[in-house]
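Below, each chain spelled out in residue letters.
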Amino acid sequence: MILIDGQFEDRPAVRHKEILWAMAQGIVMIGAASMGALRAAELYPFGMIGVGAIFRWYRRWPLAPDDAVAVQNGPAELGFLPLTDALIDLQATFADLARRNMISPELRRELVKIARQMNFRDRSLKQVLRRADLPEDEADRILAGMVHKKSQDAEHALKTAMGLVNSHKSQSASSFSITNTFIRDLEAGGIDPDLAYNYNKHRDVGG
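Criteria and thresholds
Residues numbered from 1 in each chain as written. Predicted model: local features only at pLDDT ≥ 70, side-chain atom pairs only at ≥ 80, totals over all residues. Heavy atoms only, no water. Helix = DSSP H or I, 4+ residues; strand = E, 2+ residues; numbered from the N terminus. Buried < 20%, exposed > 50% of the residue type's maximum accessible area, 1.4 Å probe, protein only. Contact = heavy atoms within 4.5 Å. Patch = residues over 30% accessible without salt bridge, like charges linked within 9 Å, V, L, I, M, F, W, Y side chains within 5 Å. Areas by Shrake-Rupley, 256 points an atom, 1.4 Å probe, with all protein chains shown as cover. Salt bridge = Lys/Arg side-chain N within 4 Å of Asp/Glu carboxyl O. Pairing = 2+ DSSP bridges. Axes fitted to C-alpha atoms, helices over the stretch in contact; angles between N-to-C directions. Core = buried A, V, L, I, M, F, W, Y, C linked by side-chain atoms within 4.5 Å.

Visitor: Quick rundown of the overall build of the protein chain? Include the residues and the values.
Guide: Looking only at helices and strands, the protein chain features 10 helices and 3 strands. Reading the secondary structure of the protein chain in the N-to-C direction produces β-α-β-α-β-α-α-α-α-α-α-α-α. Sorting the 207 residues of the protein chain into buried and exposed places 42% on the buried side. Sequence separation of at least 24 residues holds for 58% of the intrachain contacts in the protein chain that already meet a minimum separation of 6.

Visitor: So what's going on with a nonpolar patch on the surface? Which residues, and what values?
Guide: On the surface, Leu-78, Leu-81 and Leu-83 cluster together into a nonpolar patch covering about 320 Å² of accessible area. Along the polypeptide, Leu-78 turns up in the loop between helix H3 (53–60) and helix H4 (87–99). Taking relative accessible area as the criterion, Leu-78 reaches 58% and is therefore assigned exposed.

Visitor: Quick rundown of the sheet that holds strand S2 (residues 30–32)? Include the residues and the values.
Guide: Read across the sheet, 3 strands follow the order S1-S2-S3 without closing on themselves; strand pairing throughout is parallel. With one partner strand each, in any of the chains shown, strand S1 (2–3) and strand S3 (49–51) form the two edges of the open sheet. Where S2 lies against S3, 3 bridges are found, and the strand directions are parallel. Note on S3: the bridge partner recorded for Gly-31 is Gly-50. The sheet contacts of helix H2 (residues 35–43) involve S1, S2 and S3, and relative to S2 the element is tilted by about 125 degrees.

Visitor: Which residues make up the nonpolar core, and what values do they have?
Guide: Counting 47 residues, the largest nonpolar core has Met-48, Tyr-58, Phe-94, Ile-103, Leu-111, Val-128 and Ile-142 as its most contacted members. If you list the elements that add at least two residues to this core, you get helix H1 (16–24), H2, H3, H4, helix H5 (105–117), helix H6 (125–132), helix H7 (136–144) and helix H9 (180–188). With 6 residues, H4 is the largest single contributor of residues to this core. Ile-142 has contacts with Thr-93, Phe-94, Leu-97, Ile-103, Leu-107, Leu-111, Leu-125, Leu-129 and Leu-134, leaving out every residue within four places of it along the chain. Among the nonpolar cores identified, the runner-up in size contains 10 residues, and Val-28, Ile-30, Val-51 and Ala-154 belong to it.

In structure tokens:
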């Protein structure tokens, strides 16, 4: 199973316990691109597989902000159309432009600083460039060089998923302890907690 992204704020995000429970059933869990990369970096020691540059970034920098991959989306009726850009994509864009000598190192640092200071609900390449007060032609050139790192990592995960599953499915399922919090989550979702007990070898309700 591949986890790429998920919602949060007005509803619970995909929880670590859900992923651990799935892996305890022998399900190979792969994470990439956005919330999937974040969860894979956090649960890598427990057997979750991470794919892509964003996963590696979170593994290298465990205290990196969660909102670096967050974007503001439109409603479901519009297909959750992204309204902003993720900080991770903006930083990748500025780094790529600097490597190609399309912007100076000083401008790269300025743009990154502006992007980091913005709330993810307002953060977009257009807004960053507007706040930097760049000439129109330079702003257009930067806009044309946008790097979509999240999309690239998601595509890579989809392309390599079958091979990853085949190479890991023979591994034994990880252990799992049922907690009171997990039981309440199941009940809130209308799921019979006994279903979890049937797959669990031992019960631990402390937590």
